[in-house]
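Understanding the architecture of this molecule
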Amino acid sequence: MKKEAAKIRIEKLKDEINYHRYNYHVLDRETIAPAALDSLKNELFSLENEYPDLITSDSPTQRVAGKPLSKFVKTKHSRPMISLFDAFSESDMRAWQERNENYLKQTWNQEYYCELKLDGLAISLHYESGQLQIAATRGDGVTGENVTANVKTIQSIPLVLRRPTTAELKAAEFSARETKIIFDLLDNGVIEARGEAIMTKKVLRDLNKKYESLGKPLLANARNGVAGSIRQLDSKITAERHLDFYAYDLLLGNYERGEVVATKSQLDSLLRLLGLKVLADNNICKNLEAVFTFFNGVGERREKLAFDIDGIVVKANNLKMWPTLGVVGKAPRYMMAYKFPAEQATTKVNDIVWQVGRTGALTPTAILEPVAVGGATISRSTLHNFDEIQRLDLRLGDTVVIERSGDVIPKVISVLKNLRTGKEKKITPPAACPMCGGQVEQVDDEVAYRCLNKKCFAVSLRQIEHFVSRGAADFDGLGPKLIEQFMAAGLIKDAADIYAIDETKKSDLLSLERFAEKKAENVIAIINAKRELDLARFIYSLGIRHVGEETARTLAVMIAENLHPEKKQAVALSSLISTFQSKSRDDLANMEDIGPVVAESIYSFWHDEKNLELLKKFERNGVKIIIEAFGKNKSVQTKLAGKIFVLTGSLLGLTRDAAKDKIRALGGKTTESVTKNTDYVVAGENSGSKYDKAKELGVTILNEEEFLKIIE
Ligand SMILES: [Zn+2]
């Protein structure tokens, strides 16, 4: 492409990319597929490569700078970036208003403007003639650090301010004079936007998941995440952190507050019109009562918000009041941070358990004396890794400060060493893996200790997943994700541990990420509903090799024949074990459908010390194994005796499990695959290859209606 044409194309590409960026990152609206946007960027990049003198600093390709900085340069703020006074209660807030009334010598009759108080890093954006020139941290309020290269990587920050239309400004109640001032500043003046760079909870979770798998230290919270991302020298790293930015203040040239913009709500409108992102939750409140309602509403929604907040900021909505009220000390009278109650508490560390993660990494969890914090009783706290224990100099028996905000995992903040008695015990890394007993090692230049048994986590996870699955114990609502979370948190190591989770362990659940009261109660209810298990299901759920549902049923009948229960009752685990152990390999192999391989597997399962321990744990944790009546004189129904069924497709009237139960109750059996021994194939909706196989072998095929008649 010729240079003249390239120049035009570059300008058009920049506008087009900027338009889609603005929609996606500021307005949360996808106007082009990300892949298509990438190809626009690629075209721009290669054109700029061809004509480097056409590169401008506001080009979307310039968001990530080439070389890391060697250090940050200090930059002085045009006007100080103020800090805030804190209020923690309604009475604090009332006292604040009273102080202002005394200062003004009149009663307060002004509106307030309430904003969410983001927990991130304050940033000032310095635009000259509408172009982003400098981005700086707050620093000490007077001088900050120039972090422009890093801040440019934040996609929701415009490199060039958007130019509103006259009509838009009019709709936002700007006069002709004010409109002219805004345009002049955009053309040839200085506009400074201030706001908070943040990391969303989702980004933090995803990053930590990634870091965990790489064995890298985890980010303690979103605020540390954002500060660490911006206050480091390589903008490529910042770009990977996917930060976001919300603006809350705007300084227009040398104009005083209230000279161009009348209210804080109008200021938010102008920020939006200039292409900056503003929190949608911000709201005008008529008086303090309305502020309290807003505050309480935010408190209830807090956990569901995409980002961390630590309260709200309440400002006089009338900007003329700002210079009138002025600043006292370092903080202004005209605004107040109204914060959520402190979410720290002190408690004692009673024990340390080591949990094994998916990658085999061992993570210590502190078992705490239960304590109320952040609206929940907490009894566990993650410590991330052994380095963390050393950094804190944590010992068993220590009194510690813990923090929990919202549904975030509680963490140990510090150790109160002055409270030590001398009886505290040093903590050492585990000698063996708590899950599999395997060898543990600290891999070179890695923080984490790992179980060297590569299958450790996966094998246990699969076993537990099998236990809760549909044909087995059937924990509806306790899916693989929760099981993995419980395992990774060290709450369960095997299936029997699930039953230890009851009302008394609610605080353990609340110590997990994304666990609020309701979810914890729900999980406990699901587990409580499955404390009684049918014998055949129980045997199947143990995951004994080669023992499928049918074999489990055969074994259950064998047990019933031996024990002859007169009525439906719970069977003691000891009699279950002794019955199994009374059978030789040959006894088992002589049973119907059980060959020598399966017999060996069953035999060794019931003679393995580790398995017997697990079985006893089930009983200890309150599992009741139910056996049906099987009296000496009780006759079994024989309508379908010896008949072999295969179910395929979905039945409308009853679940597959119910259908199987019905067949068994009538003396029939079900198998999974169609063979020439199959008597009936029951074909429901969308039946597949089994149907074809049945046709091929000439097996009788029943539709649902015919099947229901047979089992009537
Ligand atoms: Zn292990």
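Owing to the predicted nature of the structure, the values given are computational and were not obtained by experimental measurement. (Residues numbered from 1 in each chain as written. Predicted model: local features only at pLDDT ≥ 70, side-chain atom pairs only at ≥ 80, totals over all residues. Heavy atoms only, no water.)

1. Structural notes on empty space enclosed by the protein
Which entries qualify depends on this criterion: A 1.4 Å probe that fits but cannot get out identifies a cavity on a 1 Å grid over protein atoms alone, an open set with protein on both sides within 12 Å along at least five of seven lines counts as a pocket, and a residue lines either if it has an atom within 4 Å of a point. Grid points are joined across faces, edges and corners, and a volume is the space filled by probe spheres set on the points. By the criteria applied, helices consist of DSSP H or I runs no shorter than four residues and strands consist of E runs no shorter than two, each listed in order from the N terminus. Residues were grouped as follows: Ala, Val, Leu, Ile, Met, Phe, Trp, Tyr, Cys and Pro as nonpolar; Asp, Glu, Lys and Arg as charged; and all remaining residues, including Gly, as polar.
A complete count under the given rule lists 3 cavities of 30 Å³ or more for this structure. Empty space within the largest cavity amounts to approximately 100 Å³. Lining the largest cavity are 13 residues, and of these Leu250, Leu252, Tyr255, Glu256 and Arg257 lie nearest its centre. Counting residues per element, the lining of the largest cavity draws most heavily on strand β8 (residues 244-252), which supplies 3 residues. Residues belonging to the lining of the largest cavity are distributed by class as follows: 8 nonpolar, 1 polar and 4 charged.

2. With respect to the domain arrangement of the chain
How we decide: Each domain span listed reflects an automatic or database assignment of domains.
Taken domain by domain, the chain comprises domain 1 (3-63), domain 2 (86-339), domain 3 (533-627) and domain 4 (644-711). Each of domain 1 and domain 4 has a C-alpha centre, and the two are 61 Å apart.

3. Some words on the coordination of the zinc ion
Worth spelling out the cut-off: Because no water is among the atoms considered, metal sites can look incomplete, with donors defined as N, O and S atoms within 2.8 Å of the metal, or 3.2 Å for Na, K and Ca. For four-coordinate sites, all angles between 85 and 135 degrees define a tetrahedron; for four- and six-coordinate sites, opposite donors beyond 155 degrees with the remaining angles between 65 and 115 define square planar and octahedral shapes respectively, and all other cases count as irregular. Under the scheme applied here, a residue whose accessible area is under 20% of the maximum for its type counts as buried, over 50% as exposed, and between as partly exposed, the area being computed with a 1.4 Å probe on protein chains only.
For the zinc ion, the full set of protein donor atoms is Cys433 (SG), Cys436 (SG), Cys451 (SG) and Cys456 (SG), and the range of their distances to it is 2.1 to 2.3 Å. Every donor counted, the 4 donor atoms about the zinc ion form angles of 99 to 116 degrees at the centre, which fits tetrahedral coordination. Of note, the donors binding the zinc ion are all from one chain and are spaced C-x2-C-x14-C-x4-C. Here cysteine 436 is found in the loop between β18 (411-415) and β19 (440-442), whereas its partner cysteine 456 is found in helix α14 (residues 456-468), with 20 residues between them in sequence. On the accessibility criterion, cysteine 456 (3% relative accessible area) is buried.

4. Section: the nonpolar core
Using the following cut-off: What makes a nonpolar core is a set of buried Ala, Val, Leu, Ile, Met, Phe, Trp, Tyr and Cys residues whose side-chain atoms join them at distances within 4.5 Å. The contact definition used throughout considers only heavy atoms, calling two residues in contact when any of these lie within 4.5 Å.
Ranked by internal contacts, the top residues of the largest apolar core, which has 93 residues, are Leu394, Phe475, Leu478, Phe486, Leu509, Leu555 and Trp606. Sequence-distant contacts of phenylalanine 475, defined by excluding residues within four places in its chain, comprise Phe467, Val468, Ile498, Tyr499, Ile526, Ile527 and Lys530. Residues Val151, Ile157, Met199 and Tyr338 belong to the second largest nonpolar core, which totals 82 residues.

5. A closer look at the side chain of histidine 20
Locating histidine 20 in the fold gives a position in helix α1 (residues 3-26). Take histidine 20: its relative accessible area is 7%, and that puts it in the buried class. Once you skip the residues sitting within four places of it in the chain, histidine 20 turns out to touch Thr31, Ile32, Leu37 and Leu40.

6. Things to note about helix α21 (residues 573-582)
Threshold: Each direction from the helix axis to a C-beta atom contributes to the arc, which is the arc of those directions.
What α21 keeps buried is the set Leu573, Leu576, Ile577, Thr579 and Phe580. Taken around the axis of α21, the buried residues stretch over an arc of 165 degrees, which confines them to a single face.

7. Points about the pairing of strand β13 (residues 335-339)
Of all the 5 residues making up β13, 5 are buried; the element is thus mostly covered by neighbouring parts of the structure. Across the two faces of β13 the burial is the same, with Met335, Ala337 and Lys339 and Met336 and Tyr338 all buried.

8. Some details on the sheet that holds strand β21 (residues 532-534)
Basically, it comes down to this: Strand pairing is defined by DSSP finding a minimum of two bridges between the two strands. Think of each axis as a best-fit line through the C-alpha atoms, taken over the contacting stretch in the case of a helix, with angles from 0 to 180 degrees between the N-to-C directions.
Within the open sheet, the 3 strands sit side by side as β21-β23-β22. Their pairing is mixed. A strand with exactly one partner marks an edge of an open sheet, and here the two such strands are β21 and β22 (569-571). Mean inter-strand twist for the sheet, computed between neighbouring axes without regard to direction, equals 50 degrees. As defined by bridge partners, β22 adjoins strand β23 (residues 624-627) across 3 bridges and the pair is classed as antiparallel. Within β23, the position partnered with valine 571 by the bridge is isoleucine 625.

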